[in-house]
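# Inside the fold
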Amino acid sequence: MNDDKLMQAAGQLSTKISPERDLWPGIAEAIEKPAPKRWSPVFAQAAAVVLLVGASSAVTYMSMKSSVSPIVIASPDMVFEQASFGNRYNLGPGFQDARNTLVADLDVELERLSPEARENIEVNLTLIHSAINNMNVALEEDPENIVLQERLLRTYREELALLRRVRGLTRNVMLRNDI
Amino acid sequence: MALLAVGLSDYSQVMATASTDARVDERALIQQAQRADARAFESLYRLHIDKVYGICLRMTGNVSEAEDCAQEAFIQAWNKMDKFRGDSAFSTWLHRIAVNAVLGRIRKSKREQDRILAVADTEQPTVEAGETGELRDLSEAVDRLPKGARNVFVLHAIYGYSHDETGEMLGIAAGTSKAQLHRAKRLLAQQLKQQGFEA
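Since the model is a prediction, treat every value here as computed from it, not as a measurement. (Residues numbered from 1 in each chain as written. Chains lettered and ligands numbered in written order. Predicted model: local features only at pLDDT ≥ 70, side-chain atom pairs only at ≥ 80, totals over all residues.)

### Remarks on the overall build of chain A
On a plain count of helices and strands, chain A comes out with six helices and zero strands. From first element to last, N terminus to C terminus, chain A shows the α and β order α-α-α-α-α-α. The 179 residues of chain A split such that 17% are buried. Expressed as a percentage of contacts within chain A between residues at least 6 apart in sequence, the contacts between residues at least 24 apart total 73%. (Helix = DSSP H or I, 4+ residues; strand = E, 2+ residues; numbered from the N terminus. Buried ≥ 20, exposed ≤ 12 C-beta atoms within 10 Å, placed from the backbone. Contact = placed C-beta atoms within 7 Å.)

Here you go:
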C-alpha cells in the first residue's frame, strides 16, 4: 500500500466512535460535587510515617533473613494490605481468596524471574498500590464518587491480572537449583 | 434538470442553515456552561463525546483507558470552561484537553512498557463496528504502532490536524511530527504488506 493510498484509507477511518456505555453519569457525579481536597499535610505525614516504618521493618527483616537463607523477598513497597474499597464497600470473598492465594506465592514466583522482569513487576505493583491507596483515601472523603469507585475496582482487577501474569511467567521457568 | 438544480440549491441552503443553527446553538450552550449550567454542558458532551472518545481510543488502544481519559477530559473541560475564549473551535479546544488527558495518563504510568504489562490481559483492539476488510486491518495496524508514531498518525492522518497543530497538542516540534508520520507510514506499510496488501 503506497503513501497516498494509506493516507486516503486513514482518512476513511471513523473519527467518531461511540463508547460502549454512557460516560455522562460519572462526569455528572464529578462535576456536581466540589473538587476533592488535596492531601492534607496530616495525611501526607501519616503516609510518610507508615512508609518509613514499613521500609525500616522490611530492611531489618531482609538483613536478618539474608544470614539464614538467600531467598529474595519483595521490596518494602510490596507489602500487601487487605484489599479494601472505601469505608462502605466490600470486595467479594472470591476476589479476596484469589488475591490472597496469588499474594502468598508472589515472593517465590518473583524469585524465579530475571532481575529486570522482577523490577518491572515491582514497579507496576508499586504504582498500582499507590493508586489504590490514593483512591481509598479520596473515597473516604467522597464515598459516593462513582468515577473513583469504578477506577478503584478497575485497579484491583489490574492488580489481580498482573499477579496472575506473574504466575504465568514463572510457570515454565526453572531455577538453577532445579537442575 | 432545472427542478433538480432548484431542489439541490434548496437542500444546500437548508444544510447551510442547519449548520449555522448548530454553531449558534453550540455557542449558546458554551455560554450557559460557562455560567455553570450542567445541563448545557451535558448537551455539549452529547455533541462531542463520540469524537473525543474516538481520539482517546485510537491513542490508547484500550477501551477502559479510553473511557477514563474521555471522562477526565470532560471533567477538566468543565473546570476550565471559563478559560475558553473562542479563539479556536470548541471541538479543537476539547480535543486538546483529551490529548492531554491521554498523555498525562501515559506519563503517570512512567513507562509505556509498564502500562502494557499492567493492562495486557484486558486490552481490546480499537476497531470500530463499521470498519471491515482493509480499513479493519489498518485500524488494527495503527493500534500496534509505537506510541509516538501512533499519536501523530491518529491526530494528523485520521483527525486531519496539521503538523503544527499535532505538534502543539503533543508537545513536540512540527518537524518531529512529520518524522513520526513518516515512520508511522513506513511501519504501517510493512505490517499491511505482511498481511497481503499491495500498492
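### Focus on the interface of chain A and chain B
Taken together, the contact pairs 37 residues of chain A with 41 residues of chain B. Among the secondary structure elements, those contributing two or more residues to the side of chain A that touches chain B are α1 (3-12), α2 (24-32), α5 (115-141) and α6 (146-170) of chain A. Grouping the amino acids of the side of chain A that touches chain B by side-chain chemistry returns 20 nonpolar, eight polar and nine charged. (Nonpolar A, V, L, I, M, F, W, Y, C, P; charged D, E, K, R; others polar.)

### Quick word on the confidence of the model for chain B
All names here are of chain B. Overall, the prediction assigns chain B a mean pLDDT of 82, with 74% of residues at 70 or greater. Every residue in residues 118-122 scores below 50 in pLDDT, and together they form 11 contacts with partners more than four places removed in sequence or on other chains. In the predicted assembly, ipTM is 0.76 and pTM is 0.55. (pLDDT = per-residue confidence, 0-100.)

### With respect to the nonpolar core
A general feature of soluble globular proteins is that nonpolar side chains tend to end up buried together. Residue and element names in this part refer to chain B. Grouped together as the largest cluster of nonpolar side chains are 66 residues, with contacts concentrated most on Val-52, Cys-56, Ala-70, Ala-73, Ala-98 and Phe-153. By residue number, the principal contributor to this core is helix α2 (residues 38-60), which donates 10 residues. When residues are assigned to domains, this core turns out to be shared by domain 1 (27-124) and domain 2 (132-199), each giving three or more. Sequence-distant contacts of Val-52, that is, excluding residues within four places in its chain, are made with Ala-70, Ala-73, Leu-94, His-95 and Ala-98. (Core = buried A, V, L, I, M, F, W, Y, C linked by C-beta atoms within 7 Å. Domains from an automatic or database assignment.)

### What about helix α4 (residues 90-108) of chain B?
Residues and elements named next belong to chain B. For α4, built from 19 residues, the straight-helix expectation of 27 Å at 1.5 Å per residue is met to within 8% by its first-to-last C-alpha distance of 27 Å. Those residues of α4 lying buried are Leu-94, His-95, Ile-97, Ala-98, Val-99, Ala-101 and Val-102. Where α4 is buried, its residues contact α2, α3 (63-79) and α8 (163-170). (Expected span 1.5 Å × (residues − 1).)

### A short note on the environment of Ala-10 of chain A
If you trace the backbone, Ala-10 of chain A turns up in helix α1. Residues contacting Ala-10 of chain A, with those up to four places away along its chain left out, are Leu-138, Ala-157 and Ile-158 of chain B.

### Focus: unusual backbone geometry
Among all residues save glycine, negative phi is the norm, and among peptide bonds the norm is trans. Residue and element names in this part refer to chain B. Notably, Ala-36 is not glycine yet its phi reads approximately 65°, a positive angle. Relative to the elements of secondary structure, Ala-36 occurs in the loop between α1 (2-34) and α2. Here Ala-36 falls in the exposed class, since 12 other C-beta atoms lie within 10 Å of it.

### Concerning the packing of α3 of chain B against α4 of chain B
Residue and element names in this part refer to chain B. Across the interface, α3 lies against α4 with an axial gap of 8 Å and an inter-helix angle of 125°. Our classification of the angle between α3 and α4 gives oblique. When you trace α3 past α4, the crossing you get is right-handed. Taking contact as the criterion, the partners of Glu-65, Cys-69, Ala-70, Glu-72, Ala-73, Gln-76 and Ala-77 in α3 are, on α4, Leu-94, Ile-97, Ala-98, Ala-101, Val-102 and Arg-105. Across the contact of α3 with α4, the residue classes break down as nine nonpolar, one polar and three charged. (Axes fitted to C-alpha atoms, helices over the stretch in contact; angles between N-to-C directions. Parallel < 35°, antiparallel > 145°, perpendicular 65-115°, else oblique. Left-handed = near helix turned anticlockwise from the far one by under 90°.)

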